[in-house]
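# Structural overview
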Protein chains: 2
Amino acid sequence: MNRLVDMQDALSQATTLEEFQTFVENLRDVYDLEHLVYHSVNSTGGQYAALTYKPDWVERYIEQDYARIDPVVQGCYRQFQPIEWKTLDWSAKASRAFLGEAGEAGLGNQGFSVPIRGPSGQFALVSVNHKCNDEMWASFTSERAADLLLISHYLNEKALQIEGNPHRGPTRSLSPREKDTLTLLATGANRANIAETLKISESTLRVYIESARFKLGAANTTHAVAMALTHGLIVV
Amino acid sequence: MNRLVDMQDALSQATTLEEFQTFVENLRDVYDLEHLVYHSVNSTGGQYAALTYKPDWVERYIEQDYARIDPVVQGCYRQFQPIEWKTLDWSAKASRAFLGEAGEAGLGNQGFSVPIRGPSGQFALVSVNHKCNDEMWASFTSERAADLLLISHYLNEKALQIEGNPHRGPTRSLSPREKDTLTLLATGANRANIAETLKISESTLRVYIESARFKLGAANTTHAVAMALTHGLIVV
DNA sequence: CGACCCCTCGCTATTTTGGGGGAGGGTTAA
DNA sequence: TTAACCCTCCCCCAAAATAGCGAGGGGTCG
């Protein structure tokens, strides 16, 4: 059984936000989760979410502007890697109060979130929530985290597509070779190494670096890599 | 016989890195592997490994900084799922030379690696190595890969837990000046600009860049900035 | 007190990048 | 059929970053 491939299949069918919501709900069931949340914020502050929380909890969350104190949200804005809820700082008084309310609202005790950065400063958060003990959770994450990580990125791509993100003005997308190049640069390789890795000449490589710099409007290679990372154009 | 449960039991006993190393060696024997490697890199570039390779191969690997050309390492950094060594790209000249040396050092021809991403940018790699033909390897993986996958994650959790003890000393974080420097580098400024901005000499600035690079275990400035970003040490 | 880190600054090579040209052949969509 | 990319490769030369050394003063902690 390859859940992941099925999911990608099913996701490619979705063309409306309603179908996207349904897909999120199915995904929760298939992966046997307590809850699943997709939450996107674009560069203009516009938000969209598809989630499986109880409506009254969502309402209260929005009404109280809990995003301000939610350690998950706060933690993920500064993180580029998936983050375990357990490792977050829950010590603040507000955090504990929030935690209590969340528990009452049916949230499980275990969870992790995947921060996703899309083009033009778009930011999305995919959160997975479960109710079990630490051992079961460890086994769960080891089995399914990889899938869910990939799916998170598919989710975001799909959501952006459905929302019909308008044509990129200033930021043209990077070509595959440009992405390769920036990705390898982000790992610390120099031009000679990368050229060898990609099996192309260093001359060619320079063209990619320069065109990527140009497209991103970056002052130098370091800048280009930093921009590509913060805009989610590459993943390290 | 439930090897997996036994292993978990034995692992829960380990409280020191020595015991962890012994456990890794036992694990190799119990699962009848040629070699087993646990290798962890934390967010500040601190590394720890427990493995069964011959010491002189380990020494040579470190000395030659083979991690830079090792297709297993390079492949896994970009992978979220367990990866078969066979499917990696071994075509580069350096890769083949590396493969030859590895063979001489007693490594088997078959292997797979499990990339594991932990909190705060921690990254670990569990590699399983075996010497046999393709058929036997296929039967081996189908039988034991699931167990080894789980165990890999237990290994990582255990290693993190053990390292968490004040045994290994505190993880050095970036100094304020180092953060300033990396943050400005991430915006595309060059050393002259940054020195001016921070109102210090370029000489001083260089010390920050170099110490940051050193702390992060980064190969160059671009790498250091990319690491600082992905680990949430700086925000742009 | 010593050890260790932080901040500050300097020197001389050497290596790596960057700027600005050029070229040819491929695909894709207006 | 153009135009607009994309991939590939080459040249020369200047600018920037890095390696490998050095130095001193300040703070903290055991």
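What this report covers is the structure whose coordinates are included nearby. All figures in this text were calculated on a predicted structure; none of them were measured in a lab.

Let us look at the overall build of chain A. Along chain A, the regular secondary structure elements total 10 helices and five strands. In chain A, which comprises 236 residues, the proportion classed as buried is 50%. For chain A, long-range pairs separated by at least 24 residues make up 62% of all intrachain contacts whose partners lie at least 6 apart in sequence. Carbon and sulfur atoms form 51% of the exposed surface of chain A, whose accessible area is close to 11500 Å².

Turning next to the packing of aromatic side chains. Applying the stated criterion across every chain, the model contains 17 aromatic pairs over all chains. Between A:Tyr38 and A:Tyr48, the aromatic rings sit 6.4 Å apart at their centres with planes inclined by 50°, giving tilted as the arrangement. In this pair, A:Tyr38 sits in strand β1 (residues 35-41) while A:Tyr48 sits in strand β2 (residues 47-51), placing the two residues 10 residues apart along the sequence. Measuring from centroid to centroid gives 5.3 Å for B:Phe20 and B:Tyr38, while their planes differ by 75°, and the two rings are edge-to-face. Here B:Tyr38 lies in strand β1 (residues 35-41) and B:Phe20 lies in helix α2 (residues 17-30), a separation of 18 residues in the sequence. Residue classification places B:Phe20 among the buried positions, given a relative accessible area of 0%. These aromatic residues form a ring-pair network of at least three members: A:Trp57, A:Tyr61, A:Tyr66 and A:Phe98.

Moving on: helix α10 (residues 221-230) of chain B. For α10(B), a buried count of 10 out of 10 residues is recorded, marking the element as mostly surrounded by other parts of the structure. Buried residues along α10(B) sit against α7 (176-186) and α10 (221-230) of chain A together with α7 (176-186) and α9 (202-216) of chain B. Its side-chain oxygen 3.3 Å from the backbone nitrogen of B:Thr222, B:Asn220 forms the N-cap of α10(B).

As a structural note, the neighbourhood of DNA strand C is formed by 19 residues, with A:Arg206, A:Arg213, A:Thr221, B:Ser201 and B:Tyr208 the closest of them. Within 4 Å of the protein, atoms of DNA strand C come from sugar and phosphate in 63% of cases. At 3.4 Å, a side-chain N or O of B:Arg206 approaches a base nitrogen of DNA strand C. In the model, a phosphate oxygen of DNA strand C is placed 3.0 Å from a nitrogen or oxygen of the B:Lys215 side chain. Sorting the residues of the surface near DNA strand C by element identifies α9 (202-216) of chain A together with α7 and α9 of chain B as the ones contributing at least two each. Among the elements that take part in the surface near DNA strand C, α9(B) stands out by supplying six residues, more than any other.

Thresholds applied
Residues numbered from 1 in each chain as written. Chains lettered and ligands numbered in written order. Predicted model: local features only at pLDDT ≥ 70, side-chain atom pairs only at ≥ 80, totals over all residues. Heavy atoms only, no water. Helix = DSSP H or I, 4+ residues; strand = E, 2+ residues; numbered from the N terminus. Buried < 20%, exposed > 50% of the residue type's maximum accessible area, 1.4 Å probe, protein only. Contact = heavy atoms within 4.5 Å. Areas by Shrake-Rupley, 256 points an atom, 1.4 Å probe, with all protein chains shown as cover. Phe/Tyr/Trp six-rings, centres within 6.5 Å; stacked < 30°, edge-to-face > 60°. Polar contact = N/O pair within 3.5 Å; in protein donor to acceptor, adjacent residues only side chain to side chain. Near = heavy atom within 4 Å.

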